Amino acid sequence: MSSAPPISPPVSLVCFDWGGVILRICRGFAQGCEQAGLDVRLNADDADLYSVQRTIAAQYQVGALSESEFFAHVSASTRGAYTPHEIAQIHDAWLIEEYPGARGLIDELHTLESVQTGMLSNTNARHWARRERDFTAAGTLHHQHASHLLGLAKPDDRIFRAFERETGRNPGEIVFFDDLPENIDAATTAGWRGVLIDHEGDTAAQMRTALGALGVL
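Residues numbered from 1 in each chain as written. Predicted model: local features only at pLDDT ≥ 70, side-chain atom pairs only at ≥ 80, totals over all residues. Heavy atoms only, no water.

A.B. asks: What is the right way to look at the pattern of salt bridges in this model?
C.D. replies: Side-chain pairs of opposite charge can arise where the charged atoms are in close proximity. Tallying each qualifying case throughout the model produces 16 salt bridges. Salt-bridge contacts for Asp17 lead to Lys154; the nearest nitrogen and oxygen are separated by 2.9 Å. Of this pair, Asp17 sits in the loop between β1 (13-16) and β2 (23-25) while Lys154 is found in the loop between α8 (147-150) and α9 (157-167), placing the two residues 137 residues apart along the sequence. Bridged by salt links that share partners, the residues Asp17, Lys154 and Asp178 form one connected network. (Salt bridge = Lys/Arg side-chain N within 4 Å of Asp/Glu carboxyl O. Helix = DSSP H or I, 4+ residues; strand = E, 2+ residues; numbered from the N terminus.)

See below:
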């Protein structure tokens, strides 16, 4: 006689990624230039350039580079096509706007006694400061954790464990929304309930559907 499958614990924490889930962001260097009002002066699809900039960004996101070092290194990666000041302009323009309905969903969750909210984002200090000044939906979340503060970045398993320690939650109690498959795969492997979000679609509607299926809403 087979044993019954284990019963999943109820969701007690709804955790969001920031960019691509709550906040619309640029998805590439050329778009960042356009958003900043700068012309594209080099091949934005150059694979080598992308690889170098991705490595620099990864260091910046875990706090291993200061703002000035990050801007200088990215400028150097463009072989001087963009000055550090222009890289800063692109960096600031990277955050565009909150997705329609995201704040309403978060506010609705905050009326529930059964769950709390959180954020786990790969980001940096300069962008992080804007969650309370310019893009306030994220600033209302109960548990706000970022890669540059933890010194770890998704999809590293250690960042999920760090979040659990900081929030006092067990893995199965957490539902996590992210727009990158590798982060959802890592969260699911860690025991979280990962839900992949299409950043080009209605992110709030996607999350409402998932939260309804889980019995949260």
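A.B. asks: Got a minute to help me understand helix α1 (residues 29-36) in this structure?
C.D. replies: At 3.6 residues per turn, the α-helix brings residues three or four places apart onto the same side. Burial in α1 covers these residues: Phe29, Gly32 and Cys33. Mapping the buried residues of α1 onto a view down its axis gives an arc of 100°, with all of them on the same face. (Buried < 20%, exposed > 50% of the residue type's maximum accessible area, 1.4 Å probe, protein only. Arc of directions from axis to C-beta.)

A.B. asks: Would you take a moment to explain the side chain of Arg131 for this structure?
C.D. replies: Here Arg131 shows up in helix α7 (residues 130-133). Note on Arg131: relative accessible area 12%, which makes it buried.

A.B. asks: How should I be thinking about the sheet that holds strand β6 (residues 174-178) in this particular structure?
C.D. replies: As summarised here, the arrangement of the five strands in space is β5-β4-β1-β6-β7, forming an open sheet in which the pairing is parallel. On the outer flanks of this sheet lie β5 (143-146) and β7 (193-196), each paired with one strand and no other. Averaged over all pairs of adjacent strands, the angle between their axes in this sheet comes to 20°, without regard to strand direction. The pairing of β1 with strand β4 (residues 116-121) spans four bridges and is parallel. Following the sheet pairing, Cys15 is matched in β4 by Gly118. Packed on one face of the sheet, helix α11 (residues 203-213) meets β1, β6 and β7 and runs near 160° to β6. (Pairing = 2+ DSSP bridges. Axes fitted to C-alpha atoms, helices over the stretch in contact; angles between N-to-C directions. Contact = heavy atoms within 4.5 Å.)

A.B. asks: Quick question: what am I supposed to make of the nonpolar core here?
C.D. replies: The nonpolar side chains of a soluble globular protein tend to be buried, and buried together. Counting 29 residues, the largest nonpolar core has Val14, Phe16, Trp18, Ile22, Leu109, Phe177 and Leu211 as its most contacted members. Of all the secondary-structure elements, those providing two or more residues to this core are β1, β2, α5 (102-109), β6 and α11. It is α5 that provides the largest number of residues to this core, a total of four residues. Listed in part, the 15 residues of the second largest apolar core include Ile159, Phe176, Ala186 and Ala190. (Core = buried A, V, L, I, M, F, W, Y, C linked by side-chain atoms within 4.5 Å.)

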